[in-house]
Amino acid sequence: MQDQEHPRLLDLSAPPLIMGIINATPDSFFPDSRAAATEEGLLRARRMIDEGADILDIGGESSRPGSDYVGAEEELARVIPLIQAIRRESHIAISVDTRKAVVARAALEAGADVINDISALTDDPDLAPVAAEFDCMLILMHKRGTPKEMQESPSYEDTLQEIIDELEEGVERALAAGVKRTRILLDPGIGFGKRHGDNLRILKYLPRLRERGFPLLIGHSRKSFIGRITGRDVEDRLPGSLAAGIMAQIGGADILRVHDVAATRDAASVVVAVQGADA
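Okay, so let's go over this structure.

We now examine the packing of helix H2 (residues 72-89) against helix H3 (residues 101-110). Look at H2 against H3: their axes get within 9 Å of each other, and the N-to-C directions meet at 15 degrees. In terms of axis orientation, H2 runs roughly parallel to H3. Regarding H2 and H3, the two cross each other, and that crossing is right-handed. Of the residues in H3, those in contact with Ala 72, Glu 75, Leu 76, Val 79, Ile 80, Ile 83, Gln 84 and Arg 87 of H2 are Val 102, Val 103, Ala 106, Ala 107 and Ala 110. Grouping the amino acids of the contact of H2 with H3 by side-chain chemistry returns ten nonpolar, one polar and two charged.

Below, the discussion takes up the sheet that holds strand S4 (residues 114-117). Pairing between the strands of a sheet is mediated by backbone hydrogen bonds and can be parallel or antiparallel. Here eight strands make up an open sheet; going across it, the order is S6-S5-S4-S3-S2-S1-S8-S7 and the pairing parallel. Of all the strands in the sheet, the pair left with one neighbour each is strand S6 (184-187) and strand S7 (217-218). Alignment of strand S1 (residues 17-23) against strand S2 (residues 55-59), held across five bridges, turns out to be parallel. Bridge pairing in S2 places Met 19 opposite Ile 55. Sheet contacts for helix H4 (residues 127-134): S4 and strand S5 (137-141); angle to S4, the most-contacted strand, approximately 160 degrees.

Attention shifts here to a negative patch on the surface. Side chains of Glu 157, Asp 158, Asp 165 and Glu 169 sit close together on the surface and give a patch of like negative charge. Position of Asp 158 among the secondary structure elements: in the loop between S5 and helix H5 (159-176). Since its relative accessible area comes to 36%, Asp 158 is described here as partly exposed.

Take the packing of helix H9 (residues 238-251) against helix H10 (residues 261-275) next. Relative to each other, H9 and H10 sit at 35 degrees, their axes nearing to 10 Å. Along this stretch, H9 crosses H10, giving a crossing that reads as right-handed. Taken together, the residues of H10 that come into contact with H9 (itself represented by Leu 238, Leu 242, Ile 246, Gln 249 and Ile 250) are Ala 263, Thr 264, Ala 267, Ala 268, Val 271, Val 272 and Gln 275. Of the residues belonging to the contact of H9 with H10, the class tally is nine nonpolar, three polar and no charged.

A few words now on H2. With 18 residues, H2 should reach 26 Å at 1.5 Å per residue; the first-to-last C-alpha distance of 26 Å fits that figure. Among the residues making up H2, those that are buried are Glu 75, Arg 78, Val 79, Ile 80, Leu 82, Ile 83, Ala 85, Ile 86 and Arg 87. Buried residues along H2 sit against S1, helix H1 (38-50), S2, strand S3 (93-97) and H3.

The rules we used
Residues numbered from 1 in each chain as written. Predicted model: local features only at pLDDT ≥ 70, side-chain atom pairs only at ≥ 80, totals over all residues. Heavy atoms only, no water. Axes fitted to C-alpha atoms, helices over the stretch in contact; angles between N-to-C directions. Helix = DSSP H or I, 4+ residues; strand = E, 2+ residues; numbered from the N terminus. Parallel < 35°, antiparallel > 145°, perpendicular 65-115°, else oblique. Left-handed = near helix turned anticlockwise from the far one by under 90°. Contact = heavy atoms within 4.5 Å. Nonpolar A, V, L, I, M, F, W, Y, C, P; charged D, E, K, R; others polar. Pairing = 2+ DSSP bridges. Patch = residues over 30% accessible without salt bridge, like charges linked within 9 Å, V, L, I, M, F, W, Y side chains within 5 Å. Areas by Shrake-Rupley, 256 points an atom, 1.4 Å probe, with all protein chains shown as cover. Salt bridge = Lys/Arg side-chain N within 4 Å of Asp/Glu carboxyl O. Lys, Arg positive; Asp, Glu negative; His and termini not counted. Charge placed at Lys NZ, Arg CZ, Asp CG, Glu CD. Buried < 20%, exposed > 50% of the residue type's maximum accessible area, 1.4 Å probe, protein only. Expected span 1.5 Å × (residues − 1).

Here is the structure:
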C-alpha cells in the first residue's frame, strides 16, 4: 500500500516537525488559512513547502467551536482534488484531517500519508481498519463532544489524567483494529472541549503526556486561549502562537501544527540550537 516516493511514515528523529494547516473550507476560524478552491490551496501548499513545512494537513470540515457537520460527499469534493494536485508536484508528507473512513481512504488513495482524526476513532469505527490496511501514521486527538457544542460547558476534575485516559482508549481502539503501535501519535486537543485553564495545563504538563511513549502533536496556533491571554484578535496572535509553540517544543512535542510555517520554523530552530549548545 505504500508508494516508495512518499512512504507513509514520518521521520520523528529530529523534532519538531512543522505541520502547515490548509483548510479547504469556507468557515475555519482563521480566515487566512482558508482555501476554498483547489488552486488557492495549491498556492498555499507551495508557499508552505518553500517556508520549510515537513507536513501539510489538509482538512475539508471545519472543527472550530460551533461549526456544523459536513457530509462525506462535500468533504471529499473539497480535499481530494487538492491532495491530488499537491502530490503531482511534491513528495511532501500529506495529512488528511478527517473523522470519516470514506474520506480517509480516498485521501490515502489520492496520495496522502497520514490520517489526523480529531475524534480519536470515536466518530467512525471504520476509520481504524483503514489506517491498519494502509499501514499509515494515525494521529488521535482528544476532544469531548462535537465541534458544534464542545465549548458550551466543558468540565474536568483532573484535566491531564482524564485526557490521558481517554486517549489511551483511542489507542486501544486502534490496536484492536490492527494499527501498529509505532504508527500512533497523540494530540491532547487544545481548544477542543477545554476550559482556558485546561489549555494552559496541557502546555505546562506536556511531559506527563510524553511519558505515555507516543509521539505528540500540538495544535495551538492562533487559538482563542492565546487571544484571551493577549487580548489579540486571531489575525494578531502570531507572537503568542510562537510562545506557545516554544513551550510545547520544550515540553516534548514532536509536531507543531501551525498556520505560520516560516516563523514557527525560525523559532523552533532557535530552541533546537540552544538545547544543543555545549555546557
